[in-house]
2 protein chains.
Amino acid sequence: MDAAFAEYLDEFTRRDWETLDPDAVADPVRVAVVGLGWFAREWALPGIARSAYTEATVVTDVDAGAVEAVAAERDLTGVTPEELRSGAAADEYDAVYVATPNATHLEYVEAAAAQGKAVLCEKPLEVTPERARELVAACHDAGVPLMVGYRMQTDPAVRRLRDLLDAGVAGDVIHVHATMSQTMLGELGSDTDQWRLDPELSGGCAVMDLGVYPLNTTRFALREDPVRVSGRTRSEHEAFADVDEHASFRLEFPGDVDAFCTVSQNAQHASRLEVTGTDARLILDPAFYEREDRGFAVVRDGTRVDVDFEQVHQIEEEFAYFGHQLLAGEPFHADGEHALTDMRALDGVYESAETGRPVELGD
Amino acid sequence: MDAAFAEYLDEFTRRDWETLDPDAVADPVRVAVVGLGWFAREWALPGIARSAYTEATVVTDVDAGAVEAVAAERDLTGVTPEELRSGAAADEYDAVYVATPNATHLEYVEAAAAQGKAVLCEKPLEVTPERARELVAACHDAGVPLMVGYRMQTDPAVRRLRDLLDAGVAGDVIHVHATMSQTMLGELGSDTDQWRLDPELSGGCAVMDLGVYPLNTTRFALREDPVRVSGRTRSEHEAFADVDEHASFRLEFPGDVDAFCTVSQNAQHASRLEVTGTDARLILDPAFYEREDRGFAVVRDGTRVDVDFEQVHQIEEEFAYFGHQLLAGEPFHADGEHALTDMRALDGVYESAETGRPVELGD
């Protein structure tokens, strides 16, 4: 038992999906990065560079200055969005990473699919379930692999939490609490993120941008999809006049397991996921932000174990998985169909917030 | 500022309601304890004894052996329930503390009111809003003071949390998460608690017994009452065939502030209240159980302050407040009307669980 526990600690950050040798990668997947907002510059490009399975080769953005600056800084090929879509530099990349405003995912993914390139698209997939389905169909019809950027799914803390659930350490899951909030206007603060305030570009704000984390992470951890959702949204600050500033929603999972989720773009920073089972509580706190360390605790019968592990670069893990699966010829867990389930649930939160009634999910 | 912080720390466990000198109490309020279950024996009787403002003088229970044992151990007058109700020992007590199964609160409170005795009645007040209204009316008509046993309201951690909200430290409240669970069959385990499994005696289990804590504590902290409630209940273990084993409910407070509450009588022990505001998060964890220390944390702009304070005997505080207010001729915050609001909300959770629709509260 002690040995098993020691092994557990030693291997906390293991990549259980990794079958290739990262030191033996001769030709990493060449990635074109579409959209050079804060996240792409600060996290995606460094993550791609750190990952043994990927390298960035091409960048584009509607902001020509950003393209020029990033291309020069990282010695990459900078192209215009039109050039990217037309395939002008298509021989320089194997895959396209789309990190643009939600409503423009479709056009770039369609272009990448037409070029036969693998796609890693940020979540939420698009602004509506309909457009998301078009996006998935474009990849399917072209026969190109599509992964959706659920960075929590390759985070070791989330995977170890799921391992514990799989092993029955928590017993039966009774309920889940999850919360994610930030002061979007202050904490991120850059102009490039303000598209989230435009419903045409974002499809919504707190639910679309943050809600997807508690939703998808709970789905991933429980290996179940919600069957019903109810929610409420509200906005007070004038900047959020056209979109949801705060939201709270209940996800009903099979077996009457409820996940209570709250998200806010204008509240004190919080980031927590707690799964309460008959036999243990599993706690990630902080849980969801790439820019802070993850916390991991297991509480069982009066004993609380806080696991303090070597933090990974969350986006390196995501891109390593993306590149690894492509090189290994393996499918992605977070594929298009997986992401469509989120799109229906997010849409259901908004619908429920309007009608005041729960919304049935399912196919 | 530093001085203010030091003062805050020094006075964390202060009784802000106390105007009398506890060392100068000549005649403490004499209390008859009705119901000698686990809580009364382990917590209420010691709390009454510790409090300067109260002393136990009479005990009763349907279990004659328990009466005999407790009376002998503590040198008290033991009477039968019939004797208590008929007032046989009425000259030996000034107040009656009712800690019997929920469905029997009414008969004892009616008897105490008829005797002109002050009443401290456990929560929830009764098994239905109707019977609870009868109980409140009995005290009102007899002109006897009624306090309801919300022990969280006199807990310093809860009062300091409310102070911080009052002072605007958390800014505007955005949402609340609260959870309370235990393994009732194992953690408490005594036969006397099994009345909670009988809906005739309890009026329900997880919602009635545990749900009242997140509900009332949130009301107290926010100084608001919920306007709408929706909830779900479920039972799996055969012991809970007739009552709710688990429950989850959403309380909608004015200003669209949602409190997400989960409770379980058969899940891993948890006890947490978290208020997220625009400017701070206030966390009680552990929050609700008399048998564990309270934890108190304030998180604001990346700084987390854990306040490690001298723990009080929570039930001593409750009875000290009860006795103090009687001796000072002051009203109780948690009076009958206050408790009726909870009864409507608890009833609303069950109604919503049946209909699948939110239930409007209010008068």
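Residues numbered from 1 in each chain as written. Chains lettered and ligands numbered in written order. Predicted model: local features only at pLDDT ≥ 70, side-chain atom pairs only at ≥ 80, totals over all residues. Heavy atoms only, no water.

Enquirer: Explain the overall build of chain A to me, using residue names and the numbers behind them.
Expert: When its secondary structure is counted, chain A shows 12 helices and 15 strands. Relative to a compact globule of 363 residues, whose C-alpha radius of gyration would be 21 Å, chain A shows 20 Å and is just as compact. Summarising its shape, the C-alpha atoms of chain A cover approximately 60 × 50 × 40 Å along the three principal directions. In chain A, which comprises 363 residues, the proportion classed as buried is 61%. Within chain A, residue pairs in contact and separated by at least 24 positions form 69% of the contacts whose partners lie at least 6 positions apart. Total accessible area on chain A is roughly 13600 Å²; 46% of this is exposed by carbon and sulfur atoms. Taking the average place of the 30 positive charges on the side chains of chain A and the average place of its 70 negative ones, the gap between the two points comes to 4 Å. (Helix = DSSP H or I, 4+ residues; strand = E, 2+ residues; numbered from the N terminus. Rg over C-alpha atoms; globule rule 2.2 N^0.38 Å. Buried < 20%, exposed > 50% of the residue type's maximum accessible area, 1.4 Å probe, protein only. Contact = heavy atoms within 4.5 Å. Areas by Shrake-Rupley, 256 points an atom, 1.4 Å probe, with all protein chains shown as cover. Lys, Arg positive; Asp, Glu negative; His and termini not counted. Charge placed at Lys NZ, Arg CZ, Asp CG, Glu CD.)

Enquirer: I'd like to hear about the sheet that holds strand E6 (residues 146-148) of chain A, residue by residue, with values.
Expert: Residue and element names in this part refer to chain A. With parallel pairing, 6 strands are arranged side by side in an open sheet as E3-E2-E1-E4-E5-E6. If you trace the sheet from one side to the other, it starts and ends with strand E3 (77-79) and E6, each paired once. Going across the sheet, the axis of each strand differs from the next one's by a mean of 25°, ignoring polarity. Taken together, the 6 bridges between strand E1 (residues 29-34) and strand E2 (residues 54-60) define a ladder with parallel strand orientation. In the strand pairing of E2, Val31 is matched with Ala56. (Pairing = 2+ DSSP bridges. Axes fitted to C-alpha atoms, helices over the stretch in contact; angles between N-to-C directions.)

Enquirer: Give a description of the relation of the copies chain B and chain A that names residues and reports values.
Expert: For the pair chain B and chain A, the best superposition has an RMSD of 0.0 Å and corresponds to a rotation of 180° with a translation of 0.0 Å parallel to the axis. The relationship between the two copies is best expressed as a two-fold rotation axis. Residue Phe260(B) of chain B places its C-alpha closer to the rotation axis than any other residue of that unit, at 3.2 Å. Interface overlap between copies is the fraction of interface residues in one copy that are interface residues in the other; for chain B against chain A it reaches 100%, indicating a shared surface. (Least-squares fit on C-alpha atoms with pLDDT ≥ 70 in both.)

Enquirer: Tell me what's going on with helix H12 (residues 336-355) of chain A, and back it up with residues and numbers.
Expert: Residue and element names in this part refer to chain A. For H12, built from 20 residues, the straight-helix expectation of 28 Å at 1.5 Å per residue is met to within 8% by its first-to-last C-alpha distance of 28 Å. Its side-chain oxygen at 3.3 Å from the backbone nitrogen of Glu337, Asp335 defines the N-terminal cap of H12. At the C-terminal side of H12, Gly356 shows a positive phi close to 80°. (Expected span 1.5 Å × (residues − 1). Polar contact = N/O pair within 3.5 Å; in protein donor to acceptor, adjacent residues only side chain to side chain.)

Enquirer: Give me the pattern of salt bridges: which residues, what numbers.
Expert: A side chain with one charge can pair with a side chain of the opposite charge if their charged atoms come near. Tallying each qualifying case throughout the model produces 64 salt bridges over all chains. For Arg272(A), the salt bridge is made with Glu274(A), and the minimal N-O distance between the two is 2.3 Å. As far as the burial class goes, Arg272(A) and Glu274(A) line up, both buried. Between Glu290(B) and Arg291(B) there is a salt bridge; the shortest N-O distance is 3.2 Å. Here the residues in one salt-bridge network are Arg228(A), Arg250(A), Glu252(A), Asp256(A), Asp258(A), Glu360(A) and Arg232(B), joined through shared partners. (Salt bridge = Lys/Arg side-chain N within 4 Å of Asp/Glu carboxyl O.)

Enquirer: So what's going on with the interface of chain B and chain A? Which residues, and what values?
Expert: Taken together, the contact between chain B and chain A spans 46 residues of the former and 46 residues of the latter. A buried area of about 3200 Å², summed over both sides, lies between chain B and chain A, and 47% of it is on carbon and sulfur atoms. With a shortest N-O distance of 2.7 Å, Glu252(A) and Arg232(B) are connected by a salt bridge. Contributing elements (two or more residues each) for the side of chain B that touches chain A: strand E7 (173-183), strand E8 (228-234), strand E9 (246-253), strand E10 (257-264), strand E11 (266-277) and strand E13 (296-300) of chain B. (Buried area = accessible area lost by both parts, 1.4 Å probe.)

Enquirer: Residues and numbers for the packing of helix H6 (residues 129-142) of chain A against H12(A), please.
Expert: All names here are of chain A. Look at H6 against H12: their axes get within 9 Å of each other, and the N-to-C directions meet at 175°. It follows from the interaxial angle that H6 and H12 lie roughly antiparallel. Seen from H6, the contacting residues are Pro129, Ala132, Arg133 and Val136; seen from H12, they are Gly336, Glu337, Leu340, Met343 and Asp347. For the contact of H6 with H12, the residue count by class is 5 nonpolar, 1 polar and 3 charged. (Parallel < 35°, antiparallel > 145°, perpendicular 65-115°, else oblique. Nonpolar A, V, L, I, M, F, W, Y, C, P; charged D, E, K, R; others polar.)

Enquirer: Give a detailed account of the pairing of E9(B), specifying residues and quantitative values.
Expert: All names here are of chain B. Within E9, 8 of the 8 residues are buried, which leaves it mostly tucked inside the rest of the structure. Across the two faces of E9 the burial is the same, with His246, Ser248, Arg250 and Glu252 and Ala247, Phe249, Leu251 and Phe253 all buried. Where E8 meets E9, 7 bridges bridge the pair, whose relative direction is antiparallel. Along E9, the bridge assignment pairs Val229 with Leu251. Of the pairings in the sheet, the one linking E9 to E10 comprises 8 bridges and is antiparallel in character. Note on E10: the bridge partner recorded for Glu252 is Asp258. The hairpin turn running from E9 into E10, its antiparallel successor, is 3 residues long, and Gly255 in that turn takes a positive phi close to 80°.

Enquirer: So what's going on with the domain arrangement of chain A? Which residues, and what values?
Expert: All names here are of chain A. Along its sequence, chain A is organised into domain 1 (22-151) and domain 2 (156-310 + 336-360). On a C-alpha basis, the centres of domain 1 and domain 2 stand 25 Å from each other. Summed over both sides, the interface between domain 1 and domain 2 buries roughly 2000 Å², with carbon and sulfur atoms accounting for 69% of that surface. The three residues of domain 1 that bury the most area against domain 2 are Trp38, Tyr150 and Arg151, which together make up 31% of that side's buried surface. Linking domain 1 with domain 2 are 1 salt bridge, by the criterion used here. Two residues, Arg151 and Glu290, come together in a salt bridge whose shortest N-O distance is 3.0 Å. Mapped by element, the contributors of at least two residues to the side of domain 1 that touches domain 2 are helix H2 (38-50), H6 and E6. Sort the elements by how many residues they give to the side of domain 1 that touches domain 2 and H6 lands first, with 4 residues. Of the residues contributing to the side of domain 1 that touches domain 2, the split by class is 14 nonpolar, 5 polar and 4 charged. (Domains from an automatic or database assignment.)

Enquirer: Before we move on, could you go through the state of the cysteines and cite the residues and values that matter?
Expert: All told, the structure shown has 0 disulfides over all chains when counted by the stated rule. Of the cysteine sulfurs around Cys261(A), a residue in no disulfide, the closest is that of Cys261(B), at 15 Å. For Cys139(B), which is in no disulfide, the shortest distance to another cysteine sulfur is to Cys121(B) and amounts to 8.1 Å. With relative accessibility at 2%, the residue Cys139(B) sits in the buried group. (Disulfide = S-S within 2.5 Å.)

Enquirer: Provide a residue-level description of unusual backbone geometry, including the pertinent values.
Expert: All names here are of chain A. Of note, the bond from Lys123 into Pro124 is cis; its omega dihedral lies within 30 degrees of zero at -5°. Mapped onto the secondary structure, Pro124 falls in the loop between strand E5 (118-121) and H6. A cis amide bond links Asp285 to the next residue, Pro286, at an omega of 0°. Here Pro286 lies in the loop between strand E12 (281-284) and strand E13 (296-300). Despite not being glycine, Asp301 shows a phi value in the positive range, around 50°. Along the chain, Asp301 turns up in the loop between E13 and strand E14 (303-307).

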